[in-house]
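Coordinate analysis (summary)
The primary structure of each chain is shown beneath.
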Amino acid sequence: MSFIRKTVENSMDIWDACLRHPFLEELHTGRLPEEKFTSYIVQDSIYLREYARVFGIGIQKSETYRDIRAFYSQLGFVTDHESASRVRWLAEHGITEEQVERTPAKPACRDYTRYMLGEAAIGGVPEIMMATLPCTMSYFYIFDKLLANYPDVCKLPYWYVIREYTGEGYRAVCDRLGAYTEALCRDLPDARKERLSDIFRTSSAHELAFWDMAYE
């Protein structure tokens, strides 16, 4: 079994808890109040700002063009797709980027971003990848499965925000990043791999805490 597959399976209990989360179930059945989704989008926009900074650190610490391309592509997806759809949703609900910038991060959002930034500061490229991959990969796992279970979600007003995380295109992104990280970690000592697996699981736990925060 590959290192990445084993690492993902080690966190699958957390991902399944996310999949069953009432915020996501209500979102996909159209029962989630729009104001609750909007509050989530505000905090997620704050999160993405710090997430992008983690990739910036990754670029600074990169030793090869392949590393730089990996981080640059992730940064591009954040700015060109994720942030853009959130800016659009917020604008449609009367909230400006400036208002979001002045909004404090809630504890779950703050703790998650601080954790990733901390790992990026003290670690290398493998640590940065393992701290950030759960966000990328768990979103595909969650939203693709929920779309299969609740196909009518595509008729709901917030579909354009979450559709980015479904389908073969996003699956290919996850597969590519997984293969890159697998190659990156292949020859590392077992002790470092164990620590990397712990980082991945900790970030996965932060994902679940973020959904808890969104549902409050």
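All figures in this text were calculated on a predicted structure; none of them were measured in a lab.

A word on the pattern of salt bridges
- One pass over the structure, following the stated rule, counts eleven salt bridges.
- Asp-44 is the salt-bridge partner of Arg-86, the closest N and O atoms lying 2.7 Å from each other. Of this pair, Arg-86 sits in helix α5 (residues 65-92) while Asp-44 sits in helix α4 (residues 34-61), and the two are 42 residues apart along the sequence.
- Note that Lys-155 and Asp-152 form a salt bridge whose closest N and O atoms lie 3.5 Å from each other.
- For Lys-155, a relative accessible area of 66% puts it in the exposed group.
- Each member of the salt-bridge network shares a partner with another, and the members are Arg-49, Glu-50, Arg-53 and Glu-101.

Observations regarding the state of the cysteines
- Applying the stated rule across the entire model yields zero disulfides.
- Free of any disulfide, Cys-18 has its nearest neighbouring cysteine sulfur in Cys-135, separated by 11 Å.
- Judged by relative accessible area, Cys-18 falls into the buried class, the value being 0%.

Re helix α2 (residues 12-19)
- Within α2 the residues assigned to the buried category are Ile-14, Trp-15, Cys-18 and Leu-19. The buried residues of α2 occupy an angular sector of 145° when the element is viewed end-on, so they sit on one face.
- Looking at the buried side of α2, the elements it contacts are α1 (3-10), α3 (22-29), α8 (125-149) and α11 (190-215).

Considerations on α1
- Listed in full, the buried residues belonging to α1 are Phe-3, Ile-4, Thr-7 and Val-8. Considered in projection along α1, the buried side chains sweep an arc of 130° and stay on one side of the axis. Seen from the buried face of α1, the exposed residues on the opposite side, beyond 90 degrees, are Arg-5 and Lys-6.
- Buried residues in α1 make contact with α2, α8, α10 (167-185) and α11.

Calculation criteria
- Residues numbered from 1 in each chain as written.
- Predicted model: local features only at pLDDT ≥ 70, side-chain atom pairs only at ≥ 80, totals over all residues.
- Heavy atoms only, no water.
- Salt bridge = Lys/Arg side-chain N within 4 Å of Asp/Glu carboxyl O.
- Helix = DSSP H or I, 4+ residues; strand = E, 2+ residues; numbered from the N terminus.
- Buried < 20%, exposed > 50% of the residue type's maximum accessible area, 1.4 Å probe, protein only.
- Disulfide = S-S within 2.5 Å.
- Arc of directions from axis to C-beta.
- Contact = heavy atoms within 4.5 Å.

It is worth stressing that arrangement in space is one thing and function is another; only the former is reported here.
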